[in-house]
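Coordinates in review
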Amino acid sequence: MSVQLVVNILVGLALVAFLAYRQATWQYLDPSRIWRTPLVMAVVGVVVLAQSKAAITTTDIVLLGVEALVTIGIGLTMGSITRFRTTDTPDDKGRTVQSRTGWLGASLWLVLIAVRIGLDVLGGHLGAHLLTSTGAILLVLALNRAARALVIDQRIPRAGRSARGMMVR
């Protein structure tokens, strides 16, 4: 096992732990931020893919399509399981609505990562190399975050009108 592989595994585990923590704890909701993140990730992903010299095969397209469907489904689920609450005192940016997906949301990240790794392994055996590129990974994550944002964006007004401190699903 190379040092680079060990570092990649440790960085990946730290990222999973951070994402699980963020999903399980209440975070102030910034409606503009929920769309900014997928947009930035998509733009960077497209730029990185445009600079890639990897040949696009039918296998790449099929596996990316499967991964896109799975990640969109997980993003829609994350948006639908998000809970909201309002706080009595706003934060330093004036926000009073908080959200979280809880441990179910954290476990959905693990599912997304497992699917990603599985498709990478399968793609490697089938000769699909675009699937493992940084640009493709960023585009898939952008799809997940955009699907989540789409659902949350539709649900924010209900949370804002709910009784103070009441959980809304």
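Shown above is the structure to which this text applies.
A quick note: this is a predicted structure, and the numbers were derived from the prediction, not measured.

Focus: the sheet that holds strand β3 (residues 97-100)
The strand order across the open sheet formed by 3 strands is β1-β3-β2, and the pairing between neighbours is antiparallel. The outermost strands of the open sheet, each flanked by one partner alone, are β1 (27-28) and β2 (83-86). Both β1 and β3 contribute to a ladder of 2 bridges, which runs antiparallel. The residue of β3 that forms the bridge with Y28 is Q98.

Examining the environment of G135
Inspection of the secondary structure puts G135 in helix α5 (residues 134-161). A relative accessible area of 0% places G135 in the buried class. Residues G135 and L49 lie 86 residues apart in sequence; the distance between their C-alpha atoms is 4.9 Å. Beyond its immediate chain neighbours, meaning those up to four positions away, G135 contacts G45, V48 and L49.

A closer look at the pattern of salt bridges
In the structure shown here, the tally under the stated rule is 3 salt bridges. The closest approach of N and O atoms between R116 and D120, which form a salt bridge, is 3.1 Å. With R116 and D120 both in helix α4 (residues 102-126) and 4 residues apart, the pair spans about one turn of that helix. Through salt bridges with shared partners, one network takes in E67, R116 and D120.

Some remarks on helix α2 (residues 31-51)
In a regular helix each residue adds 1.5 Å, so 21 residues correspond to 30 Å; α2 covers 32 Å between its end C-alpha atoms and thus fits that length. Every buried residue of α2 is listed here: I34, P38, M41 and G45. For α2, the arc enclosing every buried residue in end-on projection is 60 degrees, short of the 170-degree limit, so these residues lie on one face. Projecting away from the buried face of α2 at angles above 90 degrees are the exposed residues L39, A50 and Q51.

Each value, and the rule that gives it
Residues numbered from 1 in each chain as written. Predicted model: local features only at pLDDT ≥ 70, side-chain atom pairs only at ≥ 80, totals over all residues. Heavy atoms only, no water. Pairing = 2+ DSSP bridges. Helix = DSSP H or I, 4+ residues; strand = E, 2+ residues; numbered from the N terminus. Buried < 20%, exposed > 50% of the residue type's maximum accessible area, 1.4 Å probe, protein only. Contact = heavy atoms within 4.5 Å. Salt bridge = Lys/Arg side-chain N within 4 Å of Asp/Glu carboxyl O. Expected span 1.5 Å × (residues − 1). Arc of directions from axis to C-beta.

Purely geometric numbers; function is a separate question.
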